[in-house]
Amino acid sequence: MPCVADWLNNPFSIVQGIFAQNDPSSDWERKVTEYFREKLKENNATHWVPSLNDVPLHYLKPNSLVKFRCMVQDMFDPEFYMGVYETVDPNTNMRVSEILFWFCILVNTETWQNVGASQARVSPSTSYTPSRHKRSYEEDEDMELHPSKQKEQHMGSGGDIHGCGEPKRLETEASAGHHLISPNCSPPLDLNFPLPGEKGPACLVKVYESWESFKVNDVLEVYGILSVDPVLSIVNNEERENSTLDPMECMDTVEEQRVHSPPASLVPRIHVILAQKLQHINPLLPACLNEEESKTFVSNFMSELSPVRAELLGFLTHALLGDSLAAEYLILHLISTVYARRDVLPLGKFTVNLSGCPRNSIFTEHVYRIIQQLVPASYRLQMTIENMNHSQFIPHKDYTANRLVSGVLQLASNTSLVVDETMLEQGQLDTTGVHNVTALGNLITWQKVDYDFSYHQMEFPCNINVLITSEGRSLLPSDCQVHLQPQIIPPNMEEYMNSLLTAVLPSVLNKFRIYLSLLRLLDYSISDEVTKAVEEDFVEMRKNDPESITADDLHRTLLVARFLSLSAGQTTLSRERWLRAKQLEALRKARLQQQKCVNGNEL
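Cut-offs used in this document
- Residues numbered from 1 in each chain as written.
- Predicted model: local features only at pLDDT ≥ 70, side-chain atom pairs only at ≥ 80, totals over all residues.
- Heavy atoms only, no water.
- Helix = DSSP H or I, 4+ residues; strand = E, 2+ residues; numbered from the N terminus.
- Buried < 20%, exposed > 50% of the residue type's maximum accessible area, 1.4 Å probe, protein only.
- Contact = heavy atoms within 4.5 Å.
- 1 Å grid on protein atoms, 1.4 Å probe; cavity = no way out; pocket = protein on both sides within 12 Å on 5 of 7 lines; lining within 4 Å.
- Points joined across faces, edges and corners; volume = space filled by probe spheres on them.
- Nonpolar A, V, L, I, M, F, W, Y, C, P; charged D, E, K, R; others polar.
- Pairing = 2+ DSSP bridges.
- Axes fitted to C-alpha atoms, helices over the stretch in contact; angles between N-to-C directions.
- Phe/Tyr/Trp six-rings, centres within 6.5 Å; stacked < 30°, edge-to-face > 60°.
- Lys NZ or Arg CZ within 6 Å of the ring centre and 35° of its normal.
- Core = buried A, V, L, I, M, F, W, Y, C linked by side-chain atoms within 4.5 Å.
- Patch = residues over 30% accessible without salt bridge, like charges linked within 9 Å, V, L, I, M, F, W, Y side chains within 5 Å.
- Areas by Shrake-Rupley, 256 points an atom, 1.4 Å probe, with all protein chains shown as cover.
- Salt bridge = Lys/Arg side-chain N within 4 Å of Asp/Glu carboxyl O.
- Expected span 1.5 Å × (residues − 1).
- Arc of directions from axis to C-beta.
- Parallel < 35°, antiparallel > 145°, perpendicular 65-115°, else oblique.
- Polar contact = N/O pair within 3.5 Å; in protein donor to acceptor, adjacent residues only side chain to side chain.
- Left-handed = near helix turned anticlockwise from the far one by under 90°.

Caption draft 1: Local environment of the overall build of the chain. When you go through the chain residue by residue, the secondary structure sums to 20 helices and 17 strands. Within the chain, buried positions represent 50% of all 603 residues. Sequence-distant contacts in the chain: of pairs separated by 6 or more residues, those separated by 24 or more amount to 77%.

The following block contains the structure:
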């Protein structure tokens, strides 16, 4: 039987062996998949597989088994290949099969995940040492684009990576390469990340079966064979001109070839053996909560839920300058999720507008930093006139390059999007700015983004938690407005906020992270008895105050009651939680009414 080193370091030999033992016309591909699926179930074998999320590409052995946690950014056209080709038999059995290309990127906005998953991190292969050879064109191009890339990769783990001398030499080479700009270089390659400043890896993922079950923006974990062969790359125009291929056989434009065949040193290929859509991207939680081992984990954590919630509430209260009501609503917001759709209406979204934030203050920046430490994926969108008018929010189709050009709103499911409206100043929105604000409003209201395909628009449903920080009431729609009432004004806001994060223990911070991710995955229901009681209560509320109690109030109070119950680990609504939800809503409304009396423009 093959040993671990065989299926990890040389999976091609396993595939070849299974093929040799079976008739080419049989379902030998299925047996390959089953072989690796069973191997990965043994003794936490998934932890042995190196991850592109954790290990720099140049430390991974070519043609070895790797894994990659990613978001599908685009799907390229299918490519046809021969599944079986025999040259000996004159009656060759040639079967044309189909392969689909995905362009996949690191889950944009990931923050602390690699730190949280350190106990499961795989070290680079000790049986493979990167050779120091003359750099290819594509490596030079990489270094010209990212002169500090090697340094970032090696310093990411405190510089303590196998072979401390080699990274220094690589760093020196990278610096030298920055100054060696060849006149024949093609334009810089755009890796098409949705967010500005993204540095995560991108891959071309090749899927051979069941690709129809996945779609754009799905978050996946794939296991497959790593390929970084330079032959895969379309390097420059000179090579294309010298190619022996008949031009009529290649209908792709130069730009399409460049985008679809980027340098393998920048965009490696993964030939997928197994792929699964992820329920979540929190490495502190089991990947699948339905398995028996996972149920034990959930049960143990739920038993200590109450003190975790109390600690989190206290932590967020301090972060919001002593405002415990705002902290309550922030917890409810962070565990909210779209759990169903009724026609076009997304159920479960809970966009909160935190008004009363100091204008042009570092307060909102630090609130985002704290949220960033609590959730697996987040992004802060500074709502300035400059950003609105010049940023690309909506993904659009580039028909020349035959690819989907990404936009800021192409985010992975369950991303926390913090829109900072305190940065907004007087100015004029141009056409792009109006379209971006409209797209942002549609995302909040309908949880969808309309991608631009030039001749038509295509709806892409999403599940994004949006928190809007503003001075007055936000210009954007929201489900709930909470006006901040600081109880303390720190003399040094920067020092105060920094001390909050440094004071909390890493183990406690991890409990907060598990708490917020786990509660979003729990089922929830309301019994017929409680439903009837809520309806009667609402009728009574309408009688007492017909002017201010509306159907929207009922819907919002039910949402608050839902997340309030889940935040306490209860998966059904109780009378107690319903009354508590009404109390919170009454306090929130009273605060808004008070603010209206102060300045007359809050409601």
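Here the narrative resumes.
Caption draft 2: Representation of empty space enclosed by the protein. One pass over the full model with this rule turns up two cavities of 30 Å³ or more. In this structure, the largest cavity spans a volume of roughly 40 Å³. In terms of lining residues, the largest cavity is bounded by Leu320, Ala326, Tyr329, Leu330, Val352, Leu354, Leu467 and Val482. For the lining of the largest cavity, the secondary-structure elements that each account for two or more residues are helix 12 (324–334) and strand 9 (352–355). With three residues, helix 12 is the single largest residue contributor to the lining of the largest cavity. Split into classes, the residues belonging to the lining of the largest cavity amount to eight nonpolar, no polar and no charged. Taken as a whole, the second largest cavity holds about 30 Å³ of empty space. Here the lining of the second largest cavity is composed, by residue class, of four nonpolar, four polar and one charged.

Caption draft 3: A look at the sheet that holds strand 17 (residues 480–483). Spatial strand order, 10-13-16-9-17: five strands in an open sheet with parallel pairing. Taken across any chain shown, the strands that pair with only one partner, and hence form the sheet edges, are strand 10 (378–382) and strand 17. The sheet shows a mean angle of 20 degrees between the axes of neighbouring strands, direction not considered. For strand 9 and strand 17, the ladder comprises four bridges, and the chain directions are parallel.

Caption draft 4: Spatial organisation of the packing of aromatic side chains. Enumeration over the complete set of coordinates arrives at seven aromatic pairs. Measuring from ring centre to ring centre gives 5.0 Å for phenylalanine 19 and tryptophan 28, while their planes differ by 75 degrees; the resulting arrangement is edge-to-face. Ring centres 5.7 Å apart and planes at 35 degrees place the aromatic pair phenylalanine 315 and phenylalanine 512 in the tilted group. Of this pair, phenylalanine 315 sits in helix 11 (residues 305–319) while phenylalanine 512 sits in helix 17 (residues 506–520), and the two are 197 residues apart along the sequence. Considered together, phenylalanine 315 and phenylalanine 512 belong to a single accessibility category, that of buried residues. Between the NZ or CZ atom of arginine 562 and the centre of the ring of tyrosine 339, over which it lies, the distance is 3.6 Å.

Caption draft 5: A look at the nonpolar core. The biggest cluster of nonpolar side chains holds 67 residues, and the ones touching the most others in it are Phe315 and Leu374. In this structure, Leu440, Ile444, Phe453 and Ile468 belong to the second largest nonpolar core, which totals 27 residues.

Caption draft 6: The arrangement of the pairing of strand 9 in detail. Of the two faces of strand 9, the one holding Val352 and Leu354 and the one holding Asn353 and Ser355 are both buried throughout. Bridge analysis of strand 9 against strand 16 (residues 465–469) gives three bridges, and the strand direction is parallel. The partner of asparagine 353 across the bridge, within strand 16, is isoleucine 468.

Caption draft 7: Quick peek at the pairing of strand 4 (residues 202–207). Taking burial as the measure, the six residues of strand 4 include six buried ones, the bulk of the element. Alternating residues of strand 4 divide into Ala202, Leu204 and Lys206 and Cys203, Val205 and Val207, and every residue in both groups is buried. Both strand 4 and strand 6 (residues 269–277) contribute to a ladder of three bridges, which runs parallel. Bridge pairing in strand 6 links leucine 204 to arginine 269.

Caption draft 8: Spatial organisation of unusual backbone geometry. Residues other than glycine seldom take positive phi values, yet aspartate 343 does so here, at roughly 60 degrees. Along the chain, aspartate 343 turns up in the loop between strand 7 (340–342) and strand 8 (345–347).

Caption draft 9: A look at a nonpolar patch on the surface. There is a patch of nonpolar side chains on the surface, built from Val344, Leu345 and Trp446 and spanning about 270 Å² of accessible area. Here leucine 345 shows up in strand 8.

Caption draft 10: Main features of the pattern of salt bridges. Counted according to the given criterion, the structure contains 20 salt bridges. One salt bridge in this structure joins lysine 41 and glutamate 38, with 3.6 Å as the shortest N-O distance. A residue pair is termed a helical-turn pair when its members lie 3 or 4 positions apart in one helix, as lysine 41 and glutamate 38 do in helix 3 (residues 28–41) at three residues. With relative accessibility at 57%, the residue lysine 41 sits in the exposed group. Counted as one network, the salt bridges with shared partners bring together Asp553, Arg556, Glu585, Arg588 and Lys589.

Caption draft 11: Spotlight on helix 3. Look at helix 3: 20 Å from first C-alpha to last across 14 residues, which is about the 20 Å you get at 1.5 Å a residue. Buried within helix 3 we find Trp28, Val32, Thr33, Tyr35, Phe36, Lys39 and Leu40. On an axial view of helix 3, the arc spanned by its buried residues comes to 155 degrees, and they lie on one face. Taken from the residues just after helix 3, asparagine 43 is the one with a positive phi, measuring 50 degrees.

Caption draft 12: Structural context of the packing of helix 12 against helix 19 (residues 551–567). Contact geometry for helix 12 and helix 19: axes closest at 9 Å, N-to-C directions at 85 degrees. In terms of their interaxial angle, helix 12 and helix 19 are classed as roughly perpendicular. Packed against helix 12, whose contacting residues are Glu328, Tyr329, Ile331 and Leu332, the element helix 19 presents Val560, Phe563, Leu564 and Ser567 at the interface. For the contact of helix 12 with helix 19, a count of residues per class yields six nonpolar, one polar and one charged.

Caption draft 13: Representation of the environment of tyrosine 329 in the model. Structurally, tyrosine 329 is set in helix 12. In the structure, tyrosine 329 is positioned 235 residues away from leucine 564 in sequence and 9.1 Å away in space, judged by C-alpha atoms. Not counting the four nearest positions on each side in its chain, tyrosine 329 is found in contact with Phe350, Val352, Cys480, Val482, Val560, Leu584, Glu585 and Arg588.

Caption draft 14: Just the side chain of serine 378, in detail. Relative to the assigned elements, serine 378 resides in strand 10. Only 3.1 Å separates the side chain of serine 378 from the side chain of tyrosine 368, close enough to count as a polar contact.

Caption draft 15: Layout of the side chain of glutamate 328. When you line up the elements, glutamate 328 lands in helix 12. Classification of glutamate 328 as buried rests on a relative accessible area of 8%. With near-sequence residues (within four places) excluded, glutamate 328 lies in contact with Arg309, Leu313, Leu564 and Arg580.

Caption draft 16: View of the packing of helix 11 against helix 12. In contact at an axis separation of 8 Å, helix 11 and helix 12 are set at 120 degrees when each is read in the N-to-C sense. When the axis of helix 11 is compared with that of helix 12, the two are oblique. Pair helix 11 / helix 12 crosses with right-handed handedness. Side by side, helix 11 and helix 12 meet where Arg309, Leu312, Leu313, Leu316 and Thr317 of the first sit next to Ser324, Ala327, Glu328, Leu330 and Ile331 of the second. For the contact of helix 11 with helix 12, the per-class residue count stands at six nonpolar, two polar and two charged.

Purely spatial values, then, with no claim about function.
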